[in-house]
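# Commentary on secondary and tertiary structure
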Amino acid sequence: MKIALDAQGADRGIDEVVAGARIVAAEGIAIDLYGPHELVQTALGANAPGNIGVVDAPDEITNHDDPVKAARAMRESSIVVAAKAVAAGAADAMVSAGP
């Protein structure tokens, strides 16, 4: 099983999402973190588990954006790219704490 995880969706930021991803990865579940590659990779650090990947999704939809308009306009946002991964069969499920 592989989970597409929106790294930008949490109120407490990418570091908290990465901490949660590490817990799940320790159980043997593969995770792809979606968000700005550099920010996610920095939070993940050099000792990342082998079953955690990073997928670049540089756009960010905020709580101030209209969700439908933002998803249509920001095609490279973490939640949109993660949803596309599930639709394409590259991930089995998607999780986001975002808008």
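Residues numbered from 1 in each chain as written. Predicted model: local features only at pLDDT ≥ 70, side-chain atom pairs only at ≥ 80, totals over all residues. Heavy atoms only, no water.

### Some points on the packing of helix α1 (residues 14-26) against helix α2 (residues 37-44)
- It is the contact of α1 with α2, at a shortest axis distance of 9 Å, that shows an interaxial angle of 55 degrees. Classified by the interaxial angle, the pair formed by α1 and α2 is oblique. When you trace α1 past α2, the crossing you get is right-handed. Listed contacts from α2 to Ile14, Asp15, Val18 and Arg22 of α1 are Leu39, Val40, Ala43 and Leu44.
- Residue composition of the contact of α1 with α2, by class: six nonpolar, no polar and two charged. (Axes fitted to C-alpha atoms, helices over the stretch in contact; angles between N-to-C directions. Helix = DSSP H or I, 4+ residues; strand = E, 2+ residues; numbered from the N terminus. Parallel < 35°, antiparallel > 145°, perpendicular 65-115°, else oblique. Left-handed = near helix turned anticlockwise from the far one by under 90°. Contact = heavy atoms within 4.5 Å. Nonpolar A, V, L, I, M, F, W, Y, C, P; charged D, E, K, R; others polar.)

### Overview of helix α4 (residues 78-88)
- Residues Ser78, Val80, Val81, Ala82 and Ala85 constitute the buried set of α4.
- Looking at the buried residues of α4, the elements they touch are β1 (2-6), β2 (30-35), β3 (52-56), α3 (67-73) and β4 (93-95).
- Of the residues one or two after α4, glycine 89 is the one with positive phi, at around 85 degrees. (Buried < 20%, exposed > 50% of the residue type's maximum accessible area, 1.4 Å probe, protein only.)

### Some remarks on the side chain of aspartate 32
- Summarising the element assignment, aspartate 32 is placed in strand β2.
- Using a relative accessible area of 14% as the deciding quantity, one classes aspartate 32 as buried.
- Of note is the side chain of aspartate 32, whose polar atom sits 3.4 Å from the side chain of lysine 2.
- Ignoring sequence-local partners within four residues, the contact set of aspartate 32 consists of Lys2, Ile3, Ala4, Leu5, Gly53 and Val55. (Polar contact = N/O pair within 3.5 Å; in protein donor to acceptor, adjacent residues only side chain to side chain.)

### What about the sheet that holds β4?
- Spatial strand order, β3-β2-β1-β4: four strands in an open sheet with parallel pairing. Both outer strands of the open sheet, β3 and β4, are each paired with one neighbouring strand and no more. Pairwise comparison of adjacent strand axes, ignoring direction, gives a mean angle of 25 degrees for this sheet.
- Bridging between β1 and β4 involves three bridges; their strand directions are parallel. What sits directly across from alanine 4, in β4, is methionine 94.
- α1 rests against β1, β2 and β3 of the sheet, and its axis sits at about 165 degrees to β2. (Pairing = 2+ DSSP bridges.)

### A look at the pattern of salt bridges
- Evaluation of the coordinates by the stated rule reveals one salt bridge.
- Lysine 2 is the salt-bridge partner of aspartate 32, the closest N and O atoms lying 3.4 Å from each other. With aspartate 32 in strand β2 and lysine 2 in strand β1, this residue pair connects regions lying 30 residues apart in the sequence.
- Lysine 2 sits in the partly exposed class, given a relative accessible area of 27%. (Salt bridge = Lys/Arg side-chain N within 4 Å of Asp/Glu carboxyl O.)

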